[in-house]
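# An overview of the molecular structure
The primary structure of each chain is shown beneath.
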Amino acid sequence: VDQHPVPRPKPCGGLAGRTEEGDVSEWLRTLHEAQQKGEVGSVEGNLYLFWPGPPSPLRDWPVTLIPLPPTLEASVSLARGQFARTGRIPLTADALRLARQPITDYMKMLQATGYKDLIRTVKTVKEADPKFTFQDVPQGRWLLLAELPSKISVLLWAVPVTVTKDGVTWQTLNDKSLWIEGLTAAE
């Protein structure tokens, strides 16, 4: 059964095509400049599930924050839209791999080009609310990432946020903000 594999968007100017690496590098440099100028804010939130029973806080759980260029945001948005249109049916393992590929490739590029410091990971608080906090984040668009694997599937969050100078951006990661779910093994 085809479970609607997620196509990747076609390059269409801007940050895509032959100039993509140069344009992304320039954009990433502006993030470093914003940080040096003190044009930073913070991102905070909680990570938990409502269903299938009482709220389940995900304490001591990793949450990652990465810069979000427009081409990656388009890929994330496309995958989320397709997942919603199918009634949130879990993707096949292959479709899940394809949906995650742009994020995986981008993170590898950040590491390979000297921008690995822009990949930030924290854990949610162990006690009380499962809160996470990222401080001194350069202003601009960022992507919050988290995942909850099980034996048969994985829940993934990939939620865009905007950081403003001296601002606090609050984004809860829960059932409503889930990006996609996919099967972890071939059926």
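Computed from a predicted model, the values in this text were never measured in an experiment. (Residues numbered from 1 in each chain as written. Predicted model: local features only at pLDDT ≥ 70, side-chain atom pairs only at ≥ 80, totals over all residues. Heavy atoms only, no water.)

### Digging into the packing of helix α2 (residues 70-85) against helix α3 (residues 93-112)
How we decide: Geometry is summarised by axes, namely lines fitted to C-alpha atoms with helices restricted to the contacting stretch, and by angles between N-to-C directions that run from 0 to 180 degrees. Secondary structure counts use DSSP, requiring at least four H or I residues in a row for a helix and at least two E residues in a row for a strand, with both numbered from the N terminus. If an angle is under 35 degrees, it is roughly parallel; if it is over 145, roughly antiparallel; if it lies from 65 to 115, roughly perpendicular; otherwise it is oblique. Handedness of each helix crossing follows the sense of rotation of the near helix against the far helix: counterclockwise by less than a right angle gives left-handed, clockwise gives right-handed. Note on contacts: a residue pair qualifies if any of its non-hydrogen atoms lie within 4.5 Å across the two residues. Think of it as three bins: nonpolar holds Ala, Val, Leu, Ile, Met, Phe, Trp, Tyr, Cys and Pro, charged holds Asp, Glu, Lys and Arg, and polar takes everything else, Gly as well.
Interaxial distance between α2 and α3 falls to 9 Å at its minimum, and their mutual angle equals 160 degrees. In terms of orientation, α2 lies roughly antiparallel with respect to α3. Judged by the sense of rotation from one axis to the other, the crossing of α2 with α3 is left-handed. For the pair α2 and α3, the contacting residues are Leu72, Ser75, Val76 and Ala79 in the first and Ala99, Pro102, Ile103 and Tyr106 in the second. For the contact of α2 with α3, a count of residues per class yields seven nonpolar, one polar and no charged.

### A short note on the packing of aromatic side chains
Two aromatic rings, taken as a pair, are described by how far apart their centres are and by the angle between their planes. Rules: Pairing of aromatic rings covers Phe, Tyr and Trp, the last through its six-membered ring, and needs centres within 6.5 Å; plane angles under 30 degrees mean stacked, over 60 mean edge-to-face, and all others mean tilted. Three labels apply to residues, based on accessible area from a 1.4 Å probe with only protein chains included: buried if under 20% of the type maximum, exposed if over 50%, partly exposed otherwise in between.
Here the structure, examined in full by the defined rule, presents one aromatic pair. With a centroid separation of 6.1 Å and an interplanar angle of 65 degrees, the aromatic rings of Phe132 and Phe134 are classed as edge-to-face. One exposure class covers both Phe132 and Phe134, and it is buried.

### Quick word on α2
Residues separated by three or four positions in an α-helix point in the same direction, a consequence of the helix having 3.6 residues per turn. Convention followed: A helix is expected to reach a length of 1.5 Å times the quantity of its residues less one. The arc in question is the one traced by the directions running from the helix axis out to the C-beta atoms.
In this model, α2 (16 residues) spans 22 Å end to end at C-alpha, consistent with the 22 Å of a helix rising 1.5 Å per residue. Within the span of α2, buried status applies to Leu72, Ser75, Val76, Ala79, Gln82 and Phe83. Along the long axis of α2, the arc covered by the buried residues comes to 135 degrees, so they all point the same way. Facing away from the buried side of α2 by over 90 degrees, the exposed positions are Ala84 and Arg85.

### A word on the pattern of salt bridges
The condition is simple: Only one rule defines a salt bridge in this text: a Lys or Arg side-chain nitrogen within 4 Å of an Asp or Glu carboxyl oxygen.
A full pass over the atoms with the stated rule returns four salt bridges. A salt bridge links Glu26 to Arg29, with the nearest nitrogen and oxygen atoms 2.9 Å apart. Placement of both Glu26 and Arg29 in helix α1 (residues 20-36) is noted, with a separation of three residues, approximately one turn of the helix. Judged by relative accessible area, Glu26 falls into the partly exposed class, the value being 39%.

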